[in-house]
Amino acid sequence: MARKIIIDTDPGQDDAVAILLALASPDEIDLLGITAVAGNVPLALTQKNARIVCELARRRDVRVFAGCDAPLARPLVTAEHVHGKTGLDGPQLPDPTMPLADGHAVDFLIETLRREPSGSVTLVPIGPLTNIAAAFRAAPDIIPRVGQVVLMGGAYFEVGNITPAAEFNIYVDPEAADIVFRSGVDLVVMPLDVTHKALTSRSRVAAFRGMGTEVGRMVAEWTDFFERFDKEKYGAEGAPLHDPCTIAWLIRPELFTGRHINVEIELEGRHTTGMTVADWWRVSGRGANALFMGGVDDAGFYALLTERLARL
Ligand code: RIB
Ligand code: CA
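Residues numbered from 1 in each chain as written. Chains lettered and ligands numbered in written order. Predicted model: local features only at pLDDT ≥ 70, side-chain atom pairs only at ≥ 80, totals over all residues. Heavy atoms only, no water.

S.K.: Honestly, the pairing of strand S4 (residues 121–125) in this entry has me stumped. Any pointers?
M.R.: As a general feature of sheets, a regular strand has side chains that alternate between the two faces. Across the five residues of S4, five count as buried, placing the element largely inside the fold. Neither face of S4 is left uncovered, since the one carrying Val-121, Leu-123 and Pro-125 and the one carrying Thr-122 and Val-124 both have all their residues buried. Sheet topology note: the strand S1 (residues 3–9)/S4 ladder contains five bridges and is parallel. Bridged to Ile-7 within S4 is Val-124. Here S4 pairs with strand S5 (residues 146–152) via three bridges, running parallel. Along S5, the bridge assignment pairs Thr-122 with Gln-148. At this point the chain moves from S4, through helix H5 (residues 130–138), to the parallel S5, and the crossover so formed is right-handed. (Buried < 20%, exposed > 50% of the residue type's maximum accessible area, 1.4 Å probe, protein only. Helix = DSSP H or I, 4+ residues; strand = E, 2+ residues; numbered from the N terminus. Pairing = 2+ DSSP bridges. Right-handed = clockwise from strand over helix to strand, strands pointing away.)

In structure tokens:
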């Protein structure tokens, strides 16, 4: 039985690959809709980019909703330095022709969670958590109805990528992250500790290009563009494909390892705001609120990704 999910996203090249992986896996994933949020680039672009990706997969039927255009309590911080001005820099892409779905993304989240059987819907946030937190705040009754939240965000051993202490998705809207991490939902966290072990390489990008499909070519060009930032900063061999790790976990959780621990969000630190304070060694005495992932079989991850993307 395919798992019903909603992807909340700020495309972003890696978000795009996550959406494609979900669309390529209908036996495991039933994508109820996509909710766009401001993050890597402003909302006007993330909602457009999400539709571009759906059209690339020839899935004009997927409903894409525009959500929050700014964090709950802070000015928006974007990441054009990583993703380019459009958020999907790399290949030239036509504007989408499929329309945006009517209604606000937060209303779609609330209505879907109220309508679907309790516990049957998984939320997959792969950008700042603004939409999710706004829905929880507006309609607390939906929180116990959420099956699971599987998010990309945070870091512990890997420390920060936007500040020395904080990972981008959490840093952009730490108040939203705090609402989600304290909500009591069944939470799976895919941090930089894992995604920085899921790096592209020349051969892996060649495998994308070698598919001989439009999707394979696009993914190769996106990763070629996206990797320059991480290679320069970390001297890494390739780009960390952050967001597809969430979808890969839904399809093949055995590719990943992690621990149930306590994770708090720092809101006041002068240098540490947005840090995920992960109690990996369980020294705080605080109750576990997240399955915090730490390891990945990266060869298995890329084998899955390549096999699935070749289907589109
Ligand atoms: O820190 C990585 C995360 O920030 C990814 O979700 C990437 O798309 C950006 O949103
Ligand atoms: Ca993202």
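S.K.: Help me out: how do you make sense of the sheet that holds S1 in this one?
M.R.: Here we have eight strands laid out as an open sheet, ordered S3-S2-S1-S4-S5-S6-S10-S7, and mixed in their pairing. With partners counted over all chains shown, the strands left at the sheet margins are strand S3 (64–66) and strand S7 (256–261), one partner each. Averaged over all neighbouring strand pairs, the angle between strand axes comes to 25 degrees, with direction disregarded. Sheet analysis places S5 next to strand S6 (residues 187–190), joined by four bridges and oriented parallel. Bridge pairing in S6 links Val-149 to Leu-187. Against the sheet, helix H1 (residues 13–23) contacts S1 and strand S2 (29–36), and its axis sits at roughly 165 degrees relative to S1. Against the sheet, helix H11 (residues 244–251) makes contact with S1, S2, S4, S5, S6, S7 and strand S10 (290–296), and its axis sits at roughly 135 degrees relative to S5, the strand it touches most. (Axes fitted to C-alpha atoms, helices over the stretch in contact; angles between N-to-C directions. Contact = heavy atoms within 4.5 Å.)

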